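Listed here are the chains, written in short residue letters.
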Amino acid sequence: MSSPSNIESSRTARSLAAALIGDPFYRTVTVACGDDEAARLAMLEAYFALALAEGEQAGRVDLADDAGNGAAIWTTDTPAALRQAAYAQREAALRALLGERGFAYFTAIVANMEHALAPHGLQDAWYLSIAGIAPAAQGQGLGASVLAPGLAAVDAARAACFLETYNERSLPFYGRLGFVAAGRYAEVVTGCDYWLMVRAPRAA
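Values in this document were obtained by computation on a predicted structure and should not be read as measured data.

*Asks:* I tried to follow the overall build of the protein on my own but got confused; where do I start?
*Replies:* On a plain count of helices and strands, the protein comes out with 6 helices and 6 strands. For the protein, the α and β elements follow one another from N to C terminus as α-α-α-β-β-α-β-α-β-α-β-β. Taking 2.2 N^0.38 as the reference for a compact globule, 204 residues should give roughly 17 Å; the C-alpha atoms of the protein span a radius of gyration of 16 Å, in line with that estimate. Its C-alpha atoms put the protein at 45 × 40 × 35 Å along the principal axes. Buried residues in the protein amount to 45% of all 204 residues. Intrachain contacts of the protein at a sequence separation of at least 6 include 69% that bridge at least 24 residues. A total accessible area of about 9900 Å² is found for the protein, and carbon and sulfur atoms account for 54% of it. Placing the 15 positive and 21 negative side-chain charges of the protein at their respective mean positions leaves the two points 4 Å apart.

*Asks:* How should the pattern of salt bridges be read in this particular structure?
*Replies:* Side-chain pairing between opposite charges can occur once the charged atoms of the two side chains come close. This model, assessed by the stated rule, comprises 7 salt bridges. Ionic pairing is found between E45 and R14, a salt bridge with its closest N-O pair at 3.5 Å. Taken as a pair, E45 in helix α3 (residues 37–58) and R14 in helix α1 (residues 6–20) lie far apart in primary sequence, 31 residues in all. Overall, E45 belongs to the partly exposed group, its relative accessible area being 22%. Of the charged contacts in the structure, one is a salt bridge between R199 and D155, with a shortest N-O distance of 2.8 Å.

*Asks:* Would you explain the nonpolar core in this entry?
*Replies:* Burial of nonpolar side chains together is a common tendency in soluble globular proteins. One finds F25, Y26, Y47, F48, L98, F106 and I130 to be the most contacted residues of the largest nonpolar core, which totals 29 residues. Put simply, the parts of the chain that give this core at least two residues each are α1, α2 (24–29), α3, β1 (59–63), β2 (70–75) and α4 (80–117). No other element matches the 7 residues that α4 contributes to this core. Those residues within four positions of I130 in sequence are excluded, and the remaining contacts are L16, L20, Y26, F48, A51, A71, A72 and I73. By size, the runner-up hydrophobic cluster in this structure holds 22 residues, among which are W126, V154, L171 and F179.

*Asks:* Help me understand the environment of G191 in this model?
*Replies:* Relative to the elements of secondary structure, G191 occurs in the loop between β5 (180–187) and β6 (192–199). The sequence separation of G191 and F25 amounts to 166 residues, and the corresponding C-alpha distance is 9.7 Å.

*Asks:* Is there a simple way to think about the state of the cysteines in this case?
*Replies:* Every disulfide links exactly two cysteines, by a covalent bond between their sulfur atoms. All chains considered together, the criterion is met by 0 disulfides. Free cysteine C33: the closest other cysteine sulfur is in C192, separated by 18 Å. Judged by its relative accessible area of 27%, C192 is partly exposed.

Calculation notes
Residues numbered from 1 in each chain as written. Predicted model: local features only at pLDDT ≥ 70, side-chain atom pairs only at ≥ 80, totals over all residues. Heavy atoms only, no water. Helix = DSSP H or I, 4+ residues; strand = E, 2+ residues; numbered from the N terminus. Rg over C-alpha atoms; globule rule 2.2 N^0.38 Å. Buried < 20%, exposed > 50% of the residue type's maximum accessible area, 1.4 Å probe, protein only. Contact = heavy atoms within 4.5 Å. Areas by Shrake-Rupley, 256 points an atom, 1.4 Å probe, with all protein chains shown as cover. Lys, Arg positive; Asp, Glu negative; His and termini not counted. Charge placed at Lys NZ, Arg CZ, Asp CG, Glu CD. Salt bridge = Lys/Arg side-chain N within 4 Å of Asp/Glu carboxyl O. Core = buried A, V, L, I, M, F, W, Y, C linked by side-chain atoms within 4.5 Å. Disulfide = S-S within 2.5 Å.

Purely geometric stuff here, so don't read any function into it on its own.
This is the structure we're talking about:
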């Protein structure tokens, strides 16, 4: 696992923003930007900088390359108290960043997704919370390679892992990495469907 420098973190946050700016979740929580896509990109860059910092504190961050072309951010088996402290720190910053309406949307979407997740018994599973590759660097195998170290660590821990995606076109990609679609859900705040994908424990 890499520990990105401040410069790398900034580049990586910018790449994640560019990769995920079209995602319904991120468009909805940046409602304060209206139709200003430059402002939305800047807000998302700040959002992902916070997510990278939280991942470093209480999870796992793997970088796509030394140029900051993307990353995978995981919630792992880090002790719950450490995870909660890191999340609380990010939550306060998110409230200021997203504004009252955007943060309300963020909180509601997360609650809806947690409600849908509850019956699946994944309390001890690792969570691939964010993964993205800069658009200009896509198609070079970075998506699979950035996930490989985290999946190896999941396997070493004999743990299950899961992700949620609004992008139906990504299902075959994740399927090749061992994830199986465990449910399709209509999320009312975004007005879009998303998929829960689960990867069962396997021997390292």
